[in-house]
Amino acid sequence: MKYVNLVHLLAMAGLISLATPALATEYYVEQINVLPASPSDQDAVQLVVSGYLANTQSYVSGITATVDGFNVLVTIIASNFGGINIPVTVAHADTVVLGTLPAGTYTINLNGNMIMDSAPQAQHSFTVSGGAATVCDSLVLASVSWAPFSDTALLVHVFNPTSTLFDYPGFILHDANGDTLAKETVNFFGIGQESWHTLAIQPGATIPQGPFNGTLELWTLFGQELACSWNQSFDLCPPAPCAPLNVFLQNTGGGMTLGSFHYTVRQMGNEVAGGTFVLSQNAQYDSDSLCLPPGAYLMEVVPDQGPTGGQPFFGVGLGNEVQGPGAPLVFTTLSAVAFNFYGACSNGTQGIAVADPANLVLNTGNGRVSVRRTDGQALGELLVFDAQGRIVLDAVEAGAQHEWSTAGWASGLYLLREQGLRGSLLTLRWVVP
């Protein structure tokens, strides 16, 4: 008697496929939604493309969007893992950020690989309204905070998507009584697309504890003209539980520095982060992204081999824009540099809020993780850190749920920090087996 297994019986009955047909449709787009629903030229516009995957082996490997005039081109790449395709449709959605757009009516065109656009025709266009907004309304204040490596200065991080230069700018921060807290000495010709401005705390100024109401002013032409003013609440400390930080090693000249170098970040003698820098003939700079709470730290660097050429230098900073303490690497002795990271926020004078994870639900399994807000609000910015404080996921989610793969992640403890679009801050911890 000849036996036929269950998989082949299902295939013979036409219920499953044992192979993926060439150029099959793997992703059916059903909806294109614009967020916000009625955007203005002051809003950061997002598109949420949703639909369903054709079977259990279908997936979307990438989605991008470009804006050319008033045309928006969305490219979606769908594919199939191969193997046994069980015809069970799977809901799927992706979000792409278009940013602020000029007023006008935009047309959305979808193309890509193995997709079918079944979204209603009306959803293939949207209108951005204009308003009586000033150029100051387009300036984006990303943060106003303590300078991360100084207790005598504040830092203003600003984005300028406009063509206005704001010639010779200088920021001034006042408290609710109008007293000057900090002031910038003019150091730039203008404000670029992204810039960081250091404000020196004024003699005799008392920085309020915790969040406070105040006014940030932008003066131009060496303080002759008041260009912009923001009257709002300020919190000069980073949100809990930690703030992004970069550690780096670079060769500053005099030959080639080659090899690997182990770094350790300690707090009160305890290791809180560590890793390895590698410098090669093709790369004379290496860095790592960490996330540390405010406090006092010591960074150590030890070479894994004998002396090489060059003049290696290591230290900390915020990317390439804000440099912190650093020191030359010495091969014959232990090289270390001490630094205070948001020191004014570590002694209780500026409180850091305790996160409440009650509104977050985390599900894990089969090498994937999903997080969902139970209150239905948008998740916003998602950052995941490993046990060494390194950032392993950085995403922005306009919906209430986000999913990602942990394939290739090391086993151990991970921390999720979610900053909602409405200002909420939630954290969760879980273990990858």
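Criteria and thresholds
Position numbers for residues start from 1 in each chain and track the written sequence from start to end. Note on the predicted model: pLDDT of at least 70 is required for a residue's local features to be given, and 80 or more for side-chain atom pairs to be given and counted; whole-chain, interface and lining totals, by contrast, use all residues. With hydrogens and water stripped out, all remaining heavy atoms of the structure feed into the side-chain values. Secondary structure is summarised from DSSP: a helix means a run of H or I of at least four residues, a strand means a run of E of at least two, and numbering begins at the N terminus for each. Think of a patch as exposed residues, more than 30% relative accessible area, with no salt bridge, where like charges cluster within 9 Å and nonpolar side chains (Val, Leu, Ile, Met, Phe, Trp, Tyr) cluster within 5 Å. Note on areas: Shrake-Rupley, 1.4 Å probe, and residue coverage restricted to the protein chains presented here. Note on definitions: salt bridges are taken to be side-chain nitrogens of Lys or Arg within 4 Å of carboxyl oxygens of Asp or Glu. Only protein chains enter the accessibility calculation, which uses a 1.4 Å probe. A residue is then buried if its area is under 20% of the maximum for its type, exposed if over 50%, and partly exposed in between. Pairing between strands requires that DSSP locate at least two bridges from one strand to the other. Note on method: axes are straight lines fitted to C-alpha atoms, helices fitted across the in-contact stretch only, with angles between N-to-C directions ranging 0 to 180 degrees. Geometry of aromatic contacts follows a simple scheme: Phe, Tyr and Trp rings, the Trp one being its six-membered ring, pair when their centres are within 6.5 Å, and the pair is stacked under 30 degrees between planes, edge-to-face over 60, tilted otherwise. We call two N or O atoms a polar contact when they sit within 3.5 Å, provided that within protein one can donate a hydrogen and the other can accept it, with sequence-adjacent residues counted only if both atoms are side-chain atoms. Any two residues whose heavy atoms approach within 4.5 Å are treated as being in contact. Here, a disulfide means two cysteine sulfur atoms that sit within 2.5 Å of each other. The predictor reports its confidence for every residue as pLDDT, a score running from 0 up to 100.

Draft legend 1. Structural detail: unusual backbone geometry. Cis geometry is found at the peptide bond from Leu-35 to Pro-36, where omega equals -10°. When you line up the elements, Pro-36 lands in the loop between β1 (27-35) and β2 (45-53). Across the junction of Ala-240 and Pro-241, the peptide omega takes the value 5°, indicating a cis bond. You can see Pro-241 is positioned in the loop between β15 (225-234) and β16 (243-251). Positive phi, close to 50°, is recorded for Tyr-168, a residue that is not glycine.

Draft legend 2. Examining a nonpolar patch on the surface more closely. A contiguous nonpolar patch, built from Ile-84, Ile-86 and Val-88 and spanning about 230 Å² of accessible area, is present on the exposed surface. Considering the arrangement of structural elements, one finds Val-88 in the loop between β4 (71-80) and β5 (90-99). Classification of Val-88 by relative accessible area gives partly exposed; the value is 44%.

Draft legend 3. Here's a closer look at the sheet that holds β1. With mixed pairing, four strands are arranged side by side in an open sheet as β5-β2-β1-β7. A strand with exactly one partner marks an edge of an open sheet, and here the two such strands are β5 and β7 (115-117). Direction aside, the axes of adjacent strands within the sheet are offset by 30° on average. As judged from the nine bridges shared by β2 and β5, these two strands associate in the antiparallel manner. Bridge assignment links Gln-46 to a residue of β5, and that residue is Val-97.

Draft legend 4. Structural detail: the environment of Gln-209. Tracing the chain through its elements places Gln-209 in the loop between β13 (194-201) and β14 (212-220). A relative accessible area of 63% means that Gln-209 is categorised as exposed. Here the alpha-carbon distance between Gln-209 and Cys-345, two residues 136 residues apart in the chain, equals 9.7 Å.

Draft legend 5. Structural detail: the sheet that holds strand β28 (residues 401-405). Strand order in the open sheet made by the three strands is β24-β25-β28, with antiparallel pairing throughout. If you trace the sheet from one side to the other, it starts and ends with β24 (360-365) and β28, each paired once. Adjacent strand axes in the sheet meet at a mean angle of 15° when their direction is disregarded. Across five bridges, the pairing between strand β25 (residues 368-373) and β28 is antiparallel.

Draft legend 6. Geometry of the packing of aromatic side chains. Taken as a whole, this structure holds 15 aromatic pairs when the rule is applied. Taking the centre distance of 4.9 Å and the plane angle of 55° together, the rings of Phe-70 and Tyr-106 count as tilted. Of this pair, Phe-70 sits in the loop between β3 (58-68) and β4 while Tyr-106 sits in strand β6 (residues 104-113), and the two are 36 residues apart along the sequence. Tyr-106 sits in the buried class, given a relative accessible area of 0%. Centre to centre, the rings of Phe-261 and Phe-331 are 6.2 Å apart; their planes meet at 65°, and the pair counts as edge-to-face. Residue Phe-261 is located in strand β17 (residues 259-267), and its partner Phe-331 is located in the loop between β22 (322-328) and β23 (335-341); the two are separated by 70 residues in the primary sequence. Members of the aromatic cluster, connected to one another through ring pairs, are Phe-149, Tyr-297, Phe-339, Phe-341 and Tyr-342.

Draft legend 7. Molecular detail of the side chain of His-157. Within the element layout of this structure, His-157 appears in strand β10 (residues 153-159). Taking relative accessible area as the criterion, His-157 reaches 10% and is therefore assigned buried. Within polar-contact distance, the side chain of His-157 engages the side chain of Glu-194 at 2.7 Å. If we skip the residues at most four places from it in the chain, His-157 touches Val-140, Leu-141, Ala-142, Ser-143, Glu-194, Ser-195 and Trp-196.

Draft legend 8. Expanded view of the pattern of salt bridges. Applying the stated criterion across every chain yields a total of three salt bridges. Salt-bridge contacts for Arg-266 lead to Glu-300; the nearest nitrogen and oxygen are separated by 3.1 Å. With Arg-266 in strand β17 and Glu-300 in strand β20 (residues 295-303), this pair connects stretches of sequence that are 34 residues apart. The class of Arg-266 is partly exposed, set by a relative accessible area of 26%. Take Glu-300: its relative accessible area is 13%, and that puts it in the buried class.

Draft legend 9. Quick look at the state of the cysteines. Tallying each qualifying case throughout the model produces three disulfides. Cys-237 shares a disulfide with Cys-345; S-S distance 2.1 Å. Every disulfide takes its handedness from the sign of the S-S torsion; for Cys-237 and Cys-345 that torsion is -100°, giving left-handed. Note that Cys-237 is positioned in the loop between β15 and β16 and Cys-345 in the loop between β23 and β24, a separation of 108 residues in sequence. Cys-345 carries the same exposure label as Cys-237, and that label is buried. Disulfide connectivity for the protein chain, with bonded cysteines indexed by sequence position, reads 1-2, 3-6, 4-5.

Draft legend 10. Expanded view of the pairing of strand β26 (residues 380-385). Along β26, five of the six residues are buried, which leaves the element largely enclosed by surrounding structure. Taken together, the six bridges between β26 and strand β27 (residues 391-397) define a ladder with antiparallel strand orientation. Residue pairing in the sheet places Gly-380 in a bridge with Glu-397 of β27.

Draft legend 11. Fine view of the confidence of the model for the protein chain. The predicted model of the protein chain averages 84 in pLDDT, with 88% of residues at 70 or higher. Below pLDDT 50 for its whole length, residues 15-22 participates in 23 contacts with residues either more than four positions away or in separate chains. In this model residues 348-358 is a low-confidence stretch, pLDDT under 50, and it forms 30 contacts with partners more than four residues away in sequence or in other chains.

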